[in-house]
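# Structural characterization, general
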Amino acid sequence: MNRFFLGLALLATAASSFAQGAFTIRRPLEGSIVREVVEVRIPRSSIPATGFVGIWANGRLYEAVAPIAGINIQGNDFVYKLDTKANNIQDGPLKIEAVLYADVGSANRVINRTAVQVRVDNRTSIKPPSGSGFTLRYDLTPGREMTYQVNFRQTVALLTQADQALGRGNELGSESEQFRYRITNMNSFARPGGGREGVVLMQPLTPKGKDHAFLTISGATSAAKYFDYN
């Protein structure tokens, strides 16, 4: 009888181990090129009910999270979104490591770990479109950001030739816009024949302390309200 129960116990343990998926990073693939937000996918079945996962990138711990339905579970995967731009992870080799922790007795212990080696490429390979662009008197240092305060006012007035000569007229109305403008040097390349070229991101921002700005975008005849998330 004891042998019978022991056989059942071993069979149950083996079945449990077989049902549980291997703790491994399925995505991104080893050696792949990644950009911006990287989805780190791990089989949900490989994480026990009391377990949680620590995400490391180039030796730095970013977060330790538990699987939660509707939050970080997609299909059969536990998904962690690593934002390489928001975390200022530089272009180049990146080791993403996932460490599995679980309750063992009265403490959390490392149960397993898995890692992939990828390459971040948010800026390096972006090339300026052929035959387009314009000249800027800026030092194209990759990653450099400059933010300007813009105060723009437009006045519509009815002028006769005499009023124009005297610098006066009947003002019909005016519009003003205040916003910030950020210029970011994404990358820089040597140009044949001398000089450099690169991709420059130009982005309007809301005034400090406000969540919106009134902007007249290309093709519009008047300003409209835009929030920071737009």
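Structure: see above.
### Description of the overall build of the chain
When helices and strands are counted, the chain shows 2 helices and 15 strands. Taking all 230 residues of the chain together, 27% fall into the buried category. Restricting to contacts in the chain with at least 6 residues of sequence separation, those with at least 24 account for 57%. Split by element, the accessible area of the chain, about 15700 Å² in all, is 52% carbon and sulfur.

### Digging into the sheet that holds strand 2 (residues 37–43)
Strand order in this open sheet of 3 strands is 2-6-5, and the pairing throughout is antiparallel. For this open sheet the edge positions go to strand 2 and strand 5 (73–74), each flanked by a neighbour on one side alone. The pairing of strand 2 with strand 6 (residues 77–83) spans 7 bridges and is classified as antiparallel. When the sheet's bridge partners are listed, V40 is paired in strand 6 with Y80.

### Points about the pairing of strand 3 (residues 52–57)
Note: strand 3 against strand 7 (residues 92–104), 6 bridges, orientation antiparallel. When the sheet's bridge partners are listed, F52 is paired in strand 7 with Y101. For strand 3 and strand 4 (residues 60–65), the ladder comprises 5 bridges, and the chain directions are antiparallel. Among the inter-strand pairings, I55 is bridged to a residue of strand 4, identified as E63.

### A word on the packing of aromatic side chains
Counted according to the given criterion, the structure contains 2 aromatic pairs. Consider the rings of F52 and Y101, whose centres lie 5.1 Å apart with planes at 10°: the pair is stacked. Pair noted here: F52 is in strand 3 and Y101 is in strand 7, with a separation of 49 residues, a long-range link. Overall, the relative accessible area of 22% leaves F52 in the partly exposed class.

### Quick notes on the pattern of salt bridges
Using the criterion set out here, one finds 7 salt bridges in the structure. Between E97 and R113 there is a salt bridge, and its shortest N-O distance comes to 3.0 Å. Here R113 lies in strand 8 (residues 107–120) and E97 lies in strand 7, a separation of 16 residues in the sequence. Residue R113 is classed as partly exposed on the basis of its relative accessible area, which comes to 46%.

### Remarks on the sheet that holds strand 8
One open sheet holds the 5 strands; their spatial order is 1-8-7-3-4, and the pairing between them is mixed. With partners counted over all chains shown, the strands left at the sheet margins are strand 1 (33–34) and strand 4, one partner each.

### Quick word on the nonpolar core
Ranked by internal contacts, the top residues of the largest apolar core, which has 23 residues, are V53, Y80, L82, L94 and I96. Secondary structure elements with two or more residues in this core: strand 2, strand 3, strand 4, strand 6, strand 7 and strand 8. Sequence-distant contacts of L94, that is, excluding residues within four places in its chain, are made with A57, N58, L82, I89, V116, Q117, V118 and V120.

### Quick word on the side chain of T114
Mapped onto the elements, T114 comes out in strand 8. The residues contacting T114, other than those within four sequence positions of it, are F23, T24, I25, I96, E97 and A98.

### Observations regarding the side chain of D121
Within the secondary structure layout, D121 lies in the loop between strand 8 and strand 9 (145–158). Apart from residues no more than four positions distant in its own chain, D121 is found in contact with I33, V34, R35 and D91.

### Remarks on unusual backbone geometry
What is expected of a backbone is that most residues other than glycine have negative phi and most peptide bonds are trans. The step from R27 to P28 runs through a cis peptide bond, and the omega angle for that step is 0°. With respect to the secondary-structure elements, P28 resides in the loop between helix 1 (2–19) and strand 1. Positive phi is not limited to glycine here, since E36 has a value of about 50°. Mapped onto the fold, E36 is located in the loop between strand 1 and strand 2. By relative accessible area, E36 is classed as partly exposed at 45%. Positioned with a positive phi, N88 is a non-glycine residue whose angle comes to about 55°. Judged by relative accessible area, N88 falls into the exposed class, the value being 56%.

Rules of the game
Residues numbered from 1 in each chain as written. Predicted model: local features only at pLDDT ≥ 70, side-chain atom pairs only at ≥ 80, totals over all residues. Heavy atoms only, no water. Helix = DSSP H or I, 4+ residues; strand = E, 2+ residues; numbered from the N terminus. Buried < 20%, exposed > 50% of the residue type's maximum accessible area, 1.4 Å probe, protein only. Contact = heavy atoms within 4.5 Å. Areas by Shrake-Rupley, 256 points an atom, 1.4 Å probe, with all protein chains shown as cover. Pairing = 2+ DSSP bridges. Phe/Tyr/Trp six-rings, centres within 6.5 Å; stacked < 30°, edge-to-face > 60°. Salt bridge = Lys/Arg side-chain N within 4 Å of Asp/Glu carboxyl O. Core = buried A, V, L, I, M, F, W, Y, C linked by side-chain atoms within 4.5 Å.

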